[in-house]
Amino acid sequence: MKRSLITLGAALVAAPLLAACSSSSTSPAASGTSAPAAPTTASAPSTMAMDMSADGHLSPGTAMHGAMTDGDTRTDLGAAHKTDGVFGDFAANPAAVTYDATKVPAGAKATVQVLAAGGSTLVKMELAGLLPNTVYGSHAHVNACGADGDAAGGHFEHTPDPKGASTDPQFANPTNEIWLDFRTDEQGHAVVWSKQPWDFSDGRAPKSVVLHAMKTETAAGSAGKAGNRLACVNAAF
Ligand SMILES: [Cu+2]
């Protein structure tokens, strides 16, 4: 594992992937309604490495699905795509939208970092300003955020379920989708990671991360469901 991550970091520095990812991150929102506010994105070498070395927030602020090991989080990854979002009303702030301000208050923050290269993807999300000691479901979704939670579309799947919006655990699972469920600490803060053995080299990538009201279900017929869509942040993958 450590060797593959080091290889991943080295490959990212050497490969022209930042340009490819940056161009996709600036594509307009799918909804096409008014001018979408692009999320603040930047390629930030060393940011993820520094962040991961500095914190030890696997517990509390616990990743609940597909979490990396503590050793993985401290590996020098070299570079990341980073998106910062401050949740608010869609009209004022379409890049990071809260649909339930009692659970994702306006002003709460999400930072999403993505490193995808060489057949692996690492996603790290940090959250602040949420309810304390609370479990949220979360996933990468296919569409940009919109005026309501449904606008983000379904979960991004590496291998799409041919039947569409999947509740089949064969497709709706944390290794074919990017699940970022977490529990906040007493300050309403959390850090969560997801690592996948695939990247976005086929040209498809998520456009947003949606926060849900419940931990993600895994049983046949309900896999991937996680309650109401509380909030959405556009993110560069
Ligand atoms: Cu979701």
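Relevant structure appears above.
Residues numbered from 1 in each chain as written. Predicted model: local features only at pLDDT ≥ 70, side-chain atom pairs only at ≥ 80, totals over all residues. Heavy atoms only, no water.

**Overview of the overall build of the protein chain**
At step 1: The helix and strand inventory of the protein chain stands at 4 helices and 10 strands.
At step 2: Traced from its N-terminal end to its C-terminal end, the protein chain shows the element sequence α-α-β-α-α-β-β-β-β-β-β-β-β-β.
At step 3: Carbon and sulfur atoms make up 56% of the accessible area of the protein chain, which amounts to about 10,000 Å² in all. (Helix = DSSP H or I, 4+ residues; strand = E, 2+ residues; numbered from the N terminus. Areas by Shrake-Rupley, 256 points an atom, 1.4 Å probe, with all protein chains shown as cover.)

**Some thoughts on the sheet that holds strand β3 (residues 96-98)**
At step 1: With antiparallel pairing, the 5 strands of this open sheet are ordered in space as β3-β10-β9-β6-β7. Both outer strands of the open sheet, β3 and β7 (182-183), are each paired with one neighbouring strand and no more.
At step 2: Relative to strand β9 (residues 208-212), strand β6 (residues 135-141) runs antiparallel, the two being bridged by 5 bridges. By the bridge assignment, Ala140 is partnered in β9 with Val209. (Pairing = 2+ DSSP bridges.)

**Describing the environment of Gly227**
At step 1: Mapped onto the elements, Gly227 comes out in the loop between β9 and β10 (229-234).
At step 2: Overall, the relative accessible area of 38% leaves Gly227 in the partly exposed class.
At step 3: Measuring from C-alpha to C-alpha, the distance between Gly227 and Thr216 comes to 8.0 Å, with 11 residues separating the pair along the chain.
At step 4: Not counting residues within four places of it along the chain, the set of residues in contact with Gly227 comprises His212, Ala213 and Met214. (Buried < 20%, exposed > 50% of the residue type's maximum accessible area, 1.4 Å probe, protein only. Contact = heavy atoms within 4.5 Å.)

**Points about the environment of Ala108**
At step 1: Mapped onto the elements of the fold, Ala108 is located in the loop between β3 and β4 (109-117).
At step 2: With relative accessibility at 1%, the residue Ala108 sits in the buried group.
At step 3: Each C-alpha atom of the pair Ala108 and Ala128 lies 5.7 Å from the other, and the pair is 20 residues apart in sequence.
At step 4: When near neighbours in sequence (up to four residues on either side) are disregarded, Ala108 contacts Gly85, Val86, Phe87, Ala128, Gly129 and Leu130.

**Section: the environment of Cys145**
At step 1: Note that Cys145 resides in the loop between β6 and β7.
At step 2: Each C-alpha atom of the pair Cys145 and Val97 lies 7.1 Å from the other, and the pair is 48 residues apart in sequence.
At step 3: Beyond its immediate sequence surroundings of up to four residues, Cys145 is in contact with Phe90, Pro94, Ala95, Val97, Tyr99, Ala151, Ser208, Cys232, Val233 and Asn234.

**Digging into unusual backbone geometry**
At step 1: Within the chain, Asn133 stands out as a residue other than glycine whose phi angle is a positive 50°.
At step 2: Along the chain, the position of Asn133 falls in the loop between β5 (120-128) and β6.
At step 3: The exposure class assigned to Asn133 is partly exposed, which follows from its relative accessible area of 47%.

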